[in-house]
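Descriptive analysis of the structure
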Amino acid sequence: MKKIFLSAVIAMALCSYGYAQDEEEYEEEEAPAQVTKAPAYEEEEEEEEAAPVAKKAEKKKEKKASNGAAFFGAGIDVGGLLNNAGNIRLVFKLNESMELAAILGMYHHGESSWEDNNGNKNDAKDNYTDLSVGAGFDFFIMRNALPVSIGGEIIYTSPAAIEAAGQTFVSNDDTSLMRLNINVLLGAHAELVSNLYLTGKIGLAIEYNSVDVSNQGNGSYLDFALATKVYLTWFMF
């Protein structure tokens with residue numbers, strides 16, 4: 001009887017040990033599955049949160065940049081304004097690679113006057129107006145990150161006075177003066193906001209001056225220099 005009782009106790013003890021061991025193995029198999037699922041869920045949440053942020057950034061870029069469909073623009077020679085030679089530019093975009101500009105300029109010098117201590121006024125009659133007219137051309141060789149162009153300008157001016165041969169010639173009924181500027185330029189264009197462009201150019205400037213005095217003769221001279229230009233252009237439609 002004792003043998004049977006001992007055998008039953010040993011058998012129950014072995015069964016309990018085997019059941020506990022199976023339970024531990026089952027828990028060990030389930031644990032890695034729970035650990036691997038958590039990072040995947042977090043990564044999906046991060047991707048979902050990052051997507052709206054990326055879309056907002058893309059929309060901001062689209063709003064800032066223009067679609068390039070504008071055909072006509074007006075601009076001003078910012079650099080020339082500092083030297084009393086500011087020109088207005090009317091720009092026509094022929095296609096994505098070419099732009100043509102009409103150049104108009106005016107500089108007016110008012111008449112000087114002098115009043116002495118006795119109250120007498122004297123006018124110097126030295127007022128004059130310089131008018132300029134010309135054309136410009138740009139051919140774009142790059143349009144992606146920073147548009148780059150090569151081109152030129154030709155500008156005709158009727159000046160009030162020209163210094164030549166050691167003396168100053170003043171435009172009047174007997175004296176005709178002429179100045180011709182030819183610029184060969186390399187430029188870079190940056191879009192500040194939609195359809196508003198800032199252009200910087202550098203190149204070679206050629207200036208031809210001519211004097212023709214009735215019944216006396218004529219003369220001319222040629223100047224070469226480094227040209228720098230800064231233009232601000234707004235494409236309206």
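Residues numbered from 1 in each chain as written. Predicted model: local features only at pLDDT ≥ 70, side-chain atom pairs only at ≥ 80, totals over all residues. Heavy atoms only, no water.

1. Side note on the environment of Thr233
- Position of Thr233 among the secondary structure elements: in strand β12 (residues 217-235).
- Its relative accessible area of 7% is what places Thr233 among the buried residues.
- Counting along the chain gives 36 residues from Thr233 to Tyr197, while the straight-line C-alpha distance between them is 5.2 Å.
- Not counting chain neighbours up to four residues away, the residues in contact with Thr233 comprise Gly73, Ala74, Gly75, Val91, Asn195, Leu196 and Tyr197. (Helix = DSSP H or I, 4+ residues; strand = E, 2+ residues; numbered from the N terminus. Buried < 20%, exposed > 50% of the residue type's maximum accessible area, 1.4 Å probe, protein only. Contact = heavy atoms within 4.5 Å.)

2. Focus on the sheet that holds strand β6 (residues 128-142)
- In space, the 8 strands of this closed barrel follow the order β1-β2-β3-β6-β7-β10-β11-β12, with antiparallel pairing throughout. Strand after strand, the sheet turns through a mean of 25° between neighbouring axes, direction not considered.
- Alignment of strand β3 (residues 98-109) against β6, held across 12 bridges, turns out to be antiparallel. The residue bridging Ala102 from the neighbouring strand is Ala135, located in β6. (Pairing = 2+ DSSP bridges. Axes fitted to C-alpha atoms, helices over the stretch in contact; angles between N-to-C directions.)

3. Regarding the nonpolar core
- Ile162, Ala164, Phe169, Leu177, Val211 and Val213 form the largest nonpolar core, which has 6 residues in total.
- For this core, the secondary-structure elements that each account for two or more residues are β8 (161-164) and β11 (196-213).
- Residues within four places of Val213 in sequence aside, it is in contact with Phe169, Asp174 and Thr175.
- Membership of the second largest hydrophobic core comes to 5 residues, among which are Val91, Ala101, Tyr197 and Phe235. (Core = buried A, V, L, I, M, F, W, Y, C linked by side-chain atoms within 4.5 Å.)

4. What about the side chain of Ser132?
- Residue placement: Ser132 occurs in strand β6.
- A polar contact of 2.8 Å, which involves the side chain of Ser132, links it to the side chain of Thr157.
- Not counting residues up to four positions away in its chain, the partners in contact with Ser132 are Asn87, Ile103, Leu104, Gly105, Ile155, Tyr156 and Thr157. (Polar contact = N/O pair within 3.5 Å; in protein donor to acceptor, adjacent residues only side chain to side chain.)

5. Some details on a nonpolar patch on the surface
- Residues Leu94, Leu100, Phe137, Phe139, Ile141, Met142, Ile150, Leu186, Ile202 and Leu226 make up a contiguous nonpolar surface patch of roughly 920 Å² in combined accessible area.
- The greatest single-element share of the nonpolar patch, amounting to 4 residues, is contributed by β6.
- Mapped onto the elements of the fold, Phe137 is located in strand β6.
- The exposure class of Phe137 is partly exposed, given its relative accessible area of 34%. (Patch = residues over 30% accessible without salt bridge, like charges linked within 9 Å, V, L, I, M, F, W, Y side chains within 5 Å. Areas by Shrake-Rupley, 256 points an atom, 1.4 Å probe, with all protein chains shown as cover. Salt bridge = Lys/Arg side-chain N within 4 Å of Asp/Glu carboxyl O.)

6. A short note on the confidence of the model for the protein chain
- Of all residues in the protein chain, 70% attain a pLDDT of 70 or more, and the chain-wide mean is 79.
- This stretch, residues 30-38, has a pLDDT under 50; its non-local contacts, to residues over four places away or in other chains, come to 0 contacts.
- Within the model, pLDDT remains below 50 along residues 60-64, and this stretch shows 5 contacts once partners closer than five positions in the same chain are excluded. (pLDDT = per-residue confidence, 0-100.)

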